[in-house]
Amino acid sequence: MTVQPIVEKCEGCARIKEIDGMRRCSSYPEPAAKWSLGICNFATHVKASVDKQGKVKINPLKMSKRASRSK
Ligand code: SF4
């Protein structure tokens, strides 16, 4: 299996590693496939929640909250 480069939705994730000059995921070899199924469950920069209508919502503020807590 080959390791694929990250996709746009991965931007901001702490699991991104630069290997051989390409940015790749350290947890999953096919980031595009991971996101095609919905929100990546390994992502560190987004948080999924389900609203009252049962729709999945993404909260991109998870990382900024973590960053402010560590100060
Ligand atoms: S963990 Fe998910 S969001 Fe993060 S780089 Fe890997 S595939 Fe992308």
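Everything numeric here is computed off the predicted structure, so don't read it as measured data. (Residues numbered from 1 in each chain as written. Predicted model: local features only at pLDDT ≥ 70, side-chain atom pairs only at ≥ 80, totals over all residues. Heavy atoms only, no water.)

### What about the overall build of the protein chain?
Operational definition: Segments assigned H or I by DSSP are reported as helices when at least four residues long, segments assigned E as strands when at least two residues long, and all are numbered from the N terminus. To sort residues, take the accessible area from a 1.4 Å probe on protein chains only and compare it with the maximum for the residue type: under 20% means buried, over 50% means exposed, and anything in between is partly exposed. Contacts between residues were defined by any pair of non-hydrogen atoms, one from each residue, lying within 4.5 Å. Calculation of accessible area relied on Shrake-Rupley with a 1.4 Å probe; when residues are assessed, cover is drawn exclusively from the protein chains displayed.
Looking only at helices and strands, the protein chain features 2 helices and 4 strands. The linear arrangement of helices and strands in the protein chain, starting from the amino end, is β-β-α-β-β-α. Expressed as a percentage of its 71 residues, the buried residues of the protein chain come to 20%. Considering only intrachain contacts with a sequence separation of at least 6, the fraction spanning at least 24 residues in the protein chain is 30%. By element, 54% of the accessible surface of the protein chain is carried by carbon and sulfur atoms, the whole surface being about 5400 Å².

### Looking at the site of the ligand
Rules: Summary of the distance rule: residues count as near a molecule or strand when at least one heavy atom falls within 4 Å of that molecule or strand. Classes in brief: Ala, Val, Leu, Ile, Met, Phe, Trp, Tyr, Cys and Pro nonpolar; Asp, Glu, Lys and Arg charged; the others, Gly included, polar.
Around the ligand, the surrounding shell consists of Cys10, Cys13, Arg15, Ile16, Cys25, Pro31, Trp35, Cys40, Phe42, Ala43 and His45. Residue composition of the shell around the ligand, by class: 9 nonpolar, 1 polar and 1 charged.

### Section: the environment of Ser26
Here Ser26 shows up in the loop between β2 (22-25) and α1 (31-36). Since its relative accessible area comes to 45%, Ser26 is described here as partly exposed. Ignoring any residue separated from it by four or fewer positions in sequence, one finds Ser26 in contact with Arg15 and Lys17.

### Considerations on the environment of Val3
Locating Val3 in the fold gives a position in the segment before β1 (16-19). With a relative accessible area of 39%, Val3 lands in the partly exposed category. Not counting the four nearest positions on each side in its chain, Val3 is found in contact with Arg24 and Pro29.

### Some words on the pattern of salt bridges
Let me state the cut-off plainly: One side-chain nitrogen of Lys or Arg within 4 Å of one carboxyl oxygen of Asp or Glu is enough to make a salt bridge.
What the rule picks out here adds up to 1 salt bridge. The closest approach of N and O atoms between Arg23 and Glu11, which form a salt bridge, is 2.9 Å. Separated by 12 residues along the polypeptide, Arg23 in strand β2 and Glu11 in the segment before β1 bring together distant segments of the chain.

### So, the packing of aromatic side chains
Which entries qualify depends on this criterion: Two aromatic rings from Phe, Tyr or Trp, using only the six-membered ring of Trp, form a pair when their centres are within 6.5 Å; if the ring planes differ by under 30 degrees the pair is stacked, by over 60 it is edge-to-face, and anything between is tilted. Should the NZ of a Lys or the CZ of an Arg lie within 6 Å of a ring centre and within 35 degrees of the ring normal, that charge is described as sitting over the ring.
In the structure shown here, the tally under the stated rule is 1 aromatic pair. Geometrically, the ring pair formed by Tyr28 and Phe42 is tilted, given 6.4 Å between the ring centres and 45° between the ring planes. Here Tyr28 is found in the loop between β2 and α1, whereas its partner Phe42 is found in the loop between α1 and β3 (47-50), with 14 residues between them in sequence. Its relative accessible area of 26% is what places Tyr28 among the partly exposed residues. Assessed through its relative accessible area of 29%, Phe42 is described here as partly exposed. Here the basic side chain of Lys34 rests over the ring of Tyr28, its NZ or CZ set 4.6 Å away from the ring centre.

The values reported here are purely geometric and, on their own, carry no functional implication.
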